[in-house]
Amino acid sequence: MIELRNVTKYYQTKHERKYILDNVTFTIPSGVNVGILGRNGAGKSTLLRMLGGIDFPNSGFISSPNSFSWPMGLAGGFQGSMTGRQNVQFVSRIYGKSEYEIKSVIESVKAFSELGDYFDMPIKTYSSGMKSRLSFGMSLSFDFDYLIIDETLSVGDKNFQEKSKKALRKKIENCHILLVSHSMPVLKEMCDVGIVVHNGQLHYCDRIEDAIETYNQINR
Amino acid sequence: MVRRSSFSIFKSVITALFLREVQTRFGTKKLGYFWAIFDAMLMVLVFAGLKAAIAENAMPGVDFPVFLASGFLAFFLWKDIVNRSIDAFGANSALFAYKQVKPFDTLVTRVLLEILVSTMATLVFIVIGLYFEFDIAPQNFNMVILAVLWLVVFGFGVGLMSAVFAHFYETFGKIVKVVMTPLIFISAIMYTVDSLPPVLRELILYNPLVHFMEMIHGYYFAALDTKYVDYEYMLYWTLIPLYIGLYFYVKGERRILST
């Protein structure tokens, strides 16, 4: 369960405040996979960052008894000078894994992400697809109540996409996802409920199909 | 998922950040080890050479290279803590994507790393000192260590304050870094306060680093004393920047995280 109470978040532009959430009070119920839709710049990624605890509302509160993964996305989350391996070590350590566990995490991430020799190259040499493969591969090795995924399921070739979806389906037997995607088939397949972010408000729909319908109306 | 106490998270994060900093500092550039001692070594050679060229031993009972080495090692420890603190947020900002990692942790990590680097440099100096048969045994080991640890806390306070200010006003960080170079000459590193004319003496004692250097030198060498050291003044300079730094850090943490 995630509770938002009077949450306001804006960005200050040169002339005005651009509201992403304008005094939103809202509860995301437990036990459902949530798809998040919205136009570019509507604030989907910011919403994910706030739910993940690394960005903060200008006023109001977000609270949840659950644990969240880091936001897995195409951008950010990696220090360019670190190699893929070093990054996996780093994340394992901050989650308190023992050196022995870290070895097995490294092996599984290396195998899943299909980075090959790039696994020992600095992340600044990676393409954005490679970054999300690494990020997604890592998240599979940790236990969270919610996985926060920002568009990463549509990277890589067909083969890798299939593999990711399969891994994710297995993963969500034990946890739930908050998924931002522009791909309607992926949303339909993975999510139960939907939230449309539009004009500073959240529109909640009990069925993901309704959320997609709402989103299509906004775009019309 | 098992809930961990905030202290155990803090420990894991510091460990992870520390090992990452060691990797980037010494792993990718093999010269990292070299630079760690090069600064201090160069200064000792230059000033010991100058001194030998212009004057006979003006400090009886003191091996001048040892005097220089102790001062420069301490000064560079302090300087590096402050300088590296200023860059700490920027250099680790991508890692703030993991909510366990707080900007404060990156400062603590860098202080610990500088202590490690300085310790290694000191060991190298000790080996060289033994080889050339300098008198390197400190007169009061415990008080020297206390002075150095106090200097570390002083550096941490100034570093924290500068890091927070520099995050919001970039110029501040640049000014601090520019000030570091002249500080070398006005911090009683290569001379004692006692050797200065009275007018200069009064002026230079406003510089808190002078008190730390005098404390280190005074307890290291039996021939020198600590009569110019004002402990109260040192305490103010330790606590006030630390307080200001913490105050603005707590107020600004979220803004540092979200940029």
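Conventions and cut-offs
Per chain, residue numbering runs from 1 following the sequence as it is written. Working convention: letters from A go to chains and numbers from 1 go to ligands, in the order in which they are written. Only residues with pLDDT of 70 or above have their local features reported here, since the model is predicted, and side-chain atom pairs are shown and tallied only from 80 upward, although totals for entire chains, interfaces and linings are computed over all residues. In this description a helix means any DSSP run of H or I spanning at least four residues, a strand means any run of E spanning at least two, and both kinds are numbered starting from the N terminus. Just to be clear, the radius of gyration here is over C-alpha atoms, and the globule rule we use is 2.2 Å times residues to the power 0.38. Between the buried cut of 20 or more and the exposed cut of 12 or fewer other C-beta atoms within 10 Å of a residue's own C-beta lies the partly exposed class, and all C-beta atoms are placed from the backbone. Here contacts are defined at the residue level, using C-beta atoms placed from the backbone and a cut-off of 7 Å between them. Being paired, for any two strands, means DSSP has found at least two bridges between them. Axis angles are defined between N-to-C directions and span 0 to 180 degrees, where every axis is a line fitted to C-alpha atoms and, for a helix, only to the segment in contact. Angles below 35 degrees are treated as roughly parallel, those above 145 as roughly antiparallel, those between 65 and 115 as roughly perpendicular, and all remaining angles as oblique. Crossing handedness is defined as follows: a turn of the near helix away from the far one that is anticlockwise and smaller than a right angle gives a left-handed crossing, while the clockwise case is right-handed. Gly is put with the polar residues, along with every residue not named as nonpolar or charged; the nonpolar set is Ala, Val, Leu, Ile, Met, Phe, Trp, Tyr, Cys and Pro, and the charged set is Asp, Glu, Lys and Arg. Each nonpolar core reported here comprises buried Ala, Val, Leu, Ile, Met, Phe, Trp, Tyr and Cys residues connected via C-beta atoms within 7 Å.

Asker: Got a sec to walk through the overall build of chain B? Specific residues and values, please.
Answerer: Looking only at helices and strands, chain B has nine helices and zero strands in total. The order of helices and strands in chain B, counted from the N terminus, is α-α-α-α-α-α-α-α-α. Relative to its length of 259 residues, chain B is compact, with a C-alpha radius of gyration of 20 Å against a globular reference of 18 Å. With respect to the principal axes defined by its C-alpha atoms, chain B has extents near 65 × 40 × 30 Å. Within chain B, the proportion of its 259 residues that are buried is 40%. Counting only contacts in chain B whose residues sit at least 6 apart along the sequence, the fraction spanning at least 24 positions is 75%.

Asker: Explain the overall build of chain A to me, using residue names and the numbers behind them.
Answerer: From N to C terminus, chain A includes seven helices and eight strands. Since a compact globule built from 220 residues should have a radius of gyration of about 17 Å, the 18 Å found for chain A is in line with a globular shape. Expressed along its principal axes, the backbone C-alpha trace of chain A runs to roughly 45 × 35 × 35 Å. Within chain A, the fraction of its 220 residues that count as buried is 40%. When contacts within chain A are restricted to residue pairs at least 6 apart in sequence, those whose partners lie at least 24 apart make up 64%.

Asker: Give a detailed account of the sheet that holds strand E3 (residues 34–38) of chain A, specifying residues and quantitative values.
Answerer: All names here are of chain A. Read across the sheet, five strands follow the order E5-E6-E3-E7-E8 without closing on themselves; strand pairing throughout is mixed. Lying at the two open borders of the sheet, with one neighbouring strand each, are strand E5 (146–150) and strand E8 (201–205). The mean inter-strand angle of the sheet, taken between neighbouring strand axes irrespective of direction, is 20°. By the bridge criterion, five bridges tie E3 to strand E7 (residues 193–198) in an arrangement that is parallel.

Asker: Give me the lowdown on the packing of helix H4 (residues 103–131) of chain B against helix H5 (residues 141–168) of chain B, citing residues and values where you can.
Answerer: Residues and elements named next belong to chain B. At a closest axis distance of 11 Å, the pairing of H4 and H5 adopts a crossing angle of 140°. What the angle tells us is that H4 and H5 run oblique. Judged by the twist between their axes, the crossing of H4 over H5 is right-handed. In this structure, H4 uses Leu 107, Val 111 and Ile 115 to contact H5, whose residues at the interface are Val 152, Phe 156, Gly 159, Leu 160 and Ala 163.

Asker: Describe the interface of chain A and chain B, listing the residues and the values that go with them.
Answerer: Facing 23 residues of chain A, the contacting portion of chain B comprises 22 residues. Residues of the side of chain A that touches chain B, tallied by class, amount to ten nonpolar, nine polar and four charged.

Asker: Outline the environment of Ile 37 of chain B, supporting the account with residue identities and numerical values.
Answerer: By the secondary structure assignment, Ile 37 of chain B is in helix H2 (residues 32–54). Spatially, the C-alpha atom of Ile 37 of chain B lies 8.0 Å from that of Ser 118 of chain B, the residues being 81 residues apart in sequence.

Asker: Now, about the packing of helix H3 (residues 64–92) of chain B against helix H8 (residues 208–220) of chain B: what can you tell me, with residues and values included?
Answerer: All names here are of chain B. Between H3 and H8, the least distance of the axes is 10 Å, while the angle of their chain directions is 140°. When the interaxial angle is binned, H3 and H8 end up oblique. In terms of crossing hand, the pair formed by H3 and H8 is right-handed. Of H8, the residues touching H3 (which contributes Phe 67, Ser 70, Gly 71, Ala 74 and Trp 78) are Leu 209, Phe 212, Met 213, Ile 216, His 217 and Tyr 220. Tallied by class, the residues present in the contact of H3 with H8 amount to eight nonpolar, three polar and no charged.

Asker: Please set out helix H1 (residues 44–51) of chain A residue by residue, giving values where relevant.
Answerer: Residues and elements named next belong to chain A. Of all the eight residues making up H1, seven are buried; the element is thus mostly covered by neighbouring parts of the structure. Restricting attention to buried positions, one finds in H1 the residues Lys 44, Ser 45, Leu 47, Leu 48, Arg 49, Met 50 and Leu 51. Buried residues in H1 make contact with strand E1 (2–12), E3, strand E4 (59–63), E5, strand E6 (176–180) and E7. Directly after H1, the chain includes Gly 53, whose backbone phi takes a positive value near 80°.

Asker: So what's going on with the pairing of E8 of chain A? Which residues, and what values?
Answerer: Look at any regular strand and the pattern is simple: side chains alternate between the two faces of the sheet. Residues and elements named next belong to chain A. As paired elements, E7 and E8 share five bridges and run antiparallel to each other. Paired with Gly 194 across the two strands is Cys 205, which belongs to E8. Once E7 ends, the chain turns through two residues before running back antiparallel as E8, passing Asn 199 with a positive phi of about 50°.

Asker: Explain unusual backbone geometry to me, using residue names and the numbers behind them.
Answerer: Residues and elements named next belong to chain A. The phi dihedral of Asn 23 is positive, around 55°, even though this residue is not glycine. Counting through the fold element by element, Asn 23 comes out in strand E2 (residues 17–28). The partly exposed category is assigned to Asn 23, around which 13 C-beta atoms lie within 10 Å. A positive phi is found at Asn 199, a non-glycine position, where the angle reads about 50°. Residue classification places Asn 199 among the partly exposed positions, given that 13 C-beta atoms sit within 10 Å.

Asker: For the sheet that holds E4 of chain A, give the residues involved together with the corresponding values.
Answerer: Pairing between the strands of a sheet comes from backbone hydrogen bonds, and it takes one of two forms, parallel or antiparallel. Residue and element names in this part refer to chain A. Reading across from one edge, E2-E1-E4 is the order of the three strands in this open sheet, with antiparallel pairing throughout. Only two strands of the sheet have a single neighbouring strand rather than two, namely E2 and E4. Recorded for the sheet is a direction-independent mean angle of 25° between the axes of neighbouring strands. Taken together, the four bridges between E1 and E4 define a ladder with antiparallel strand orientation. Across the sheet, Glu 3 pairs through a bridge with Ser 63, a residue of E4. Its contacts with the sheet put H1 on E1, E2 and E4, and the angle it makes with E1 is roughly 130°.

Asker: Outline the nonpolar core, listing residues and values.
Answerer: Ile 36, Leu 51, Ile 94, Ile 148, Leu 178 and Leu 179 of chain A are the most contacted members of the largest nonpolar core, which has 61 residues in total. Discounting residues that sit within four places of it in the chain, Ile 148 of chain A has contacts with Leu 48, Leu 51, Gly 52, Phe 68, Ser 69, Pro 71, Met 72 and Leu 178 of chain A. Counting residues in hydrophobic clusters, the runner-up holds 59 residues, among them Ala 74, Val 82, Val 158 and Tyr 219 of chain B.

Asker: Which residues make up the environment of Asn 40 of chain A, and what values do they have?
Answerer: Residue and element names in this part refer to chain A. With respect to the helices, strands and loops of the structure, Asn 40 is situated in the loop between E3 and H1. A count of 6 C-beta atoms within 10 Å places Asn 40 in the exposed class. Separated by 36 residues in the primary sequence, Asn 40 and Leu 4 place their C-alpha atoms 22 Å from one another.

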